[in-house]
Amino acid sequence: MENQSFNRDDCIENVVNMYSNMVYRLAFSQTRNKSDADDTFQEVFMRYIKKKPEFETEEHRKAWLIRVTINCSKKLWASTWRRRTEELDESIVFEMEEEKNLYYELQQLPVKYRAVIHLFYYENLSIEEISEVLKQKPSTIRTQLTRGRRKLKEILKEGYHV
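### What about the side chain of Q144?
Point 1. For Q144, the position within the fold is in helix α8 (residues 138-161).
Point 2. Taking the relative accessible area as the measure of exposure, Q144 reaches 10% and is therefore buried.
Point 3. Not counting the four nearest positions on each side in its chain, Q144 is found in contact with K112, Y113, V116 and Q136.

### Focus on the packing of aromatic side chains
Point 1. Under the counting rule described, the total for this entry stands at seven aromatic pairs.
Point 2. Note on Y48 and F55: the rings are 6.3 Å apart at their centroids and 5 degrees apart in plane angle, and the pair reads as stacked.
Point 3. For Y48, a relative accessible area of 5% gives the class buried.
Point 4. Since its relative accessible area comes to 6%, F55 is described here as buried.
Point 5. Seen from their ring centres, Y48 and W64 are 5.8 Å apart, and the 65 degrees between their planes marks the pair as edge-to-face. Note that Y48 is positioned in helix α2 (residues 34-51) and W64 in helix α3 (residues 58-78), a separation of 16 residues in sequence.

### Observations concerning the side chain of Q30
Point 1. As for its placement among the helices and strands, Q30 is situated in helix α1 (residues 12-31).
Point 2. A polar atom in the side chain of Q30 sits 3.4 Å from the side chain of S29.

### A closer look at the packing of helix α6 (residues 111-122) against helix α7 (residues 127-134)
Point 1. Two elements in contact, α6 and α7, have axes whose closest approach is 10 Å; the angle formed by their N-to-C orientations is 135 degrees. What the angle tells us is that α6 and α7 run oblique. The crossing of α6 and α7 is right-handed. In this structure, α6 uses V116, L119 and F120 to contact α7, whose residues at the interface are I127, I130 and L134.
Point 2. Taken together, the residues that form the contact of α6 with α7 break down as six nonpolar, no polar and no charged.

### Focus on α6
Point 1. A rise of 1.5 Å per residue sets the reference length of α6, with its twelve residues, at 16 Å; its end C-alpha atoms lie 15 Å apart and thus fit the reference within 8%.
Point 2. When we look at burial in α6, the residues that qualify are Y113, R114, A115, V116, I117, H118 and L119.
Point 3. Remark: N124 follows α6 within two positions and exhibits a positive phi of approximately 55 degrees.

Parameters at a glance
- Residues numbered from 1 in each chain as written.
- Predicted model: local features only at pLDDT ≥ 70, side-chain atom pairs only at ≥ 80, totals over all residues.
- Heavy atoms only, no water.
- Helix = DSSP H or I, 4+ residues; strand = E, 2+ residues; numbered from the N terminus.
- Buried < 20%, exposed > 50% of the residue type's maximum accessible area, 1.4 Å probe, protein only.
- Contact = heavy atoms within 4.5 Å.
- Phe/Tyr/Trp six-rings, centres within 6.5 Å; stacked < 30°, edge-to-face > 60°.
- Polar contact = N/O pair within 3.5 Å; in protein donor to acceptor, adjacent residues only side chain to side chain.
- Axes fitted to C-alpha atoms, helices over the stretch in contact; angles between N-to-C directions.
- Parallel < 35°, antiparallel > 145°, perpendicular 65-115°, else oblique.
- Left-handed = near helix turned anticlockwise from the far one by under 90°.
- Nonpolar A, V, L, I, M, F, W, Y, C, P; charged D, E, K, R; others polar.
- Expected span 1.5 Å × (residues − 1).

Written out as structure tokens, the structure is:
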């Protein structure tokens with residue numbers, strides 16, 4: 001594939017269609033609610049439209065979108081307004097009870113573990129790719145993935161003993 005296909009003339013609608021699910025899932029996993037995920041989703045694609053970034057490859061575009069999604073989610077959590085509000089209780093519809101349970105158990109993990117677990121298992125990124133996207137050493141990503149899995153295992157064990 002030629003680099004020409006990754007220039008700023010790419011149809012925005014095609015990019016949004018191609019990456020909307022990934023951006024929304026990641027935003028939702030980071031923010032924990034639909035409203036904030038919607039805001040983050042909107043902010044990510046507004047930045048894409050405004051900045052009109054150029055990419056060498058499709059993987060570069062994907063990494064940029066993941067990085068911006070995580071940054072926008074963090075920015076939302078750090079805002080003064082956010083710290084002074086309470087979350088709404090939102091119901092999420094899951095096809096299977098296991099999906100529902102896993103979702104709520106994943107939400108108990110600290111954000112840094114949720115991010116690497118989401119990128120590794122749901123977006124199928126390698127440790128090296130996650131390292132590039134999050135701008136952290138691969139050893140740090142491996143450690144966070146290991147600790148996140150361990151913590152999730154503890155959470156799952158606690159859930160079965162209740």
